[in-house]
Amino acid sequence: MDPRTGAAELIERLRLEGGFRLLPLLGNTGQVAGVHLTRFLPGGHLDVIQAWDERWAAWARLPDVLDAGSPFAGPAGGTFHSGPFAQVVAPLLPIQSGITWHGLTTP
C-alpha cells in the first residue's frame, strides 16, 4: 500500500466510520502541516489525534472537562499513545469482518 494514499484512506475512514471531525494542523508558516481529528464519546470523554505524516501521530483520550481556573492545563486521567499513524489509529476504527490485524483475523 502506498503510504500517502494509505494515510488519506485512514483519515477518511476515521471521519466516516469513526465519527471524527477533521481540522488542519498548521505549521509555523501558516501552511497545512498535518491533521487534527477529534470526536466526543459517550460517558464524557474526548479522543484527539494529531498527525504530521504517516510516520508520526499522537492520540489522547481525555475526560471532557474544563477547569475555568486553568483552561490551558490538560485534564488529569487521560490515556496517550504515539507512533506511526496507522498503528496509532487502528484501535480507534470499527473492526471490519475479514481483515487481519497483528496476525488475528476477525470473523
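Our subject in this report is the structure included herewith. (Residues numbered from 1 in each chain as written. Predicted model: local features only at pLDDT ≥ 70, side-chain atom pairs only at ≥ 80, totals over all residues. Heavy atoms only, no water.)

**Thoughts on the side chain of Thr38**
Here is step 1: Take Thr38: it is sitting in strand β2 (residues 32–41).
Here is step 2: On the basis of relative accessibility, which here comes to 17%, the residue Thr38 falls in the buried class.
Here is step 3: Setting aside residues no more than four positions away along its own chain, Thr38 makes contact with Gly19, Phe20, Arg21, Leu46, Asp47 and Val48. (Helix = DSSP H or I, 4+ residues; strand = E, 2+ residues; numbered from the N terminus. Buried < 20%, exposed > 50% of the residue type's maximum accessible area, 1.4 Å probe, protein only. Contact = heavy atoms within 4.5 Å.)

**Remarks on the sheet that holds strand β1 (residues 21–26)**
Here is step 1: The strand order β1-β2-β3-β4-β5 describes an open sheet built from five strands, whose pairing is antiparallel. Two strands lie at the open edges of the sheet, namely β1 and β5 (79–83), each paired on one side alone. Strand after strand, the sheet turns through a mean of 15° between neighbouring axes, direction not considered.
Here is step 2: Sheet analysis places strand β4 (residues 56–63) next to β5, joined by five bridges and oriented antiparallel. In the strand pairing of β5, Ala60 is matched with Phe80. (Pairing = 2+ DSSP bridges. Axes fitted to C-alpha atoms, helices over the stretch in contact; angles between N-to-C directions.)

**Examining the environment of Phe85**
Here is step 1: Looking at where Phe85 falls in the secondary structure, it is placed in helix α2 (residues 85–89).
Here is step 2: Sequence-wise, Phe85 and Gly6 are 79 residues apart; in three dimensions their C-alpha atoms are separated by 9.9 Å.

**Description of the nonpolar core**
Here is step 1: Ranked by internal contacts, the top residues of the largest apolar core, which has 16 residues, are Leu14, Phe20, Leu37, Ile49, Phe85 and Val89.
Here is step 2: Elements with a contribution of two residues or more to this core: α1 (3–16), β2, β3 (45–53), β4 and α2.
Here is step 3: Here this core gets four residues from one element, more than from any other, and that element is α1.
Here is step 4: The residues touching Phe20, leaving out its near neighbours within four places in the chain, are Leu14, Arg15, Leu37, Thr38, Arg39, Asp47, Ile49 and Leu92. (Core = buried A, V, L, I, M, F, W, Y, C linked by side-chain atoms within 4.5 Å.)

**A closer look at the pattern of salt bridges**
Here is step 1: Counted by the stated rule, this structure contains five salt bridges.
Here is step 2: A salt bridge links Arg13 to Glu17, with the shortest nitrogen-to-oxygen separation between them at 3.0 Å.
Here is step 3: On the accessibility criterion, Arg13 (23% relative accessible area) is partly exposed.
Here is step 4: The exposure class of Glu17 is partly exposed, given its relative accessible area of 37%.
Here is step 5: Between Arg55 and Asp53 there is a salt bridge whose closest N-O contact spans 2.6 Å.
Here is step 6: Through salt bridges with shared partners, a single ionic network connects Arg39, Asp47 and Arg61. (Salt bridge = Lys/Arg side-chain N within 4 Å of Asp/Glu carboxyl O.)

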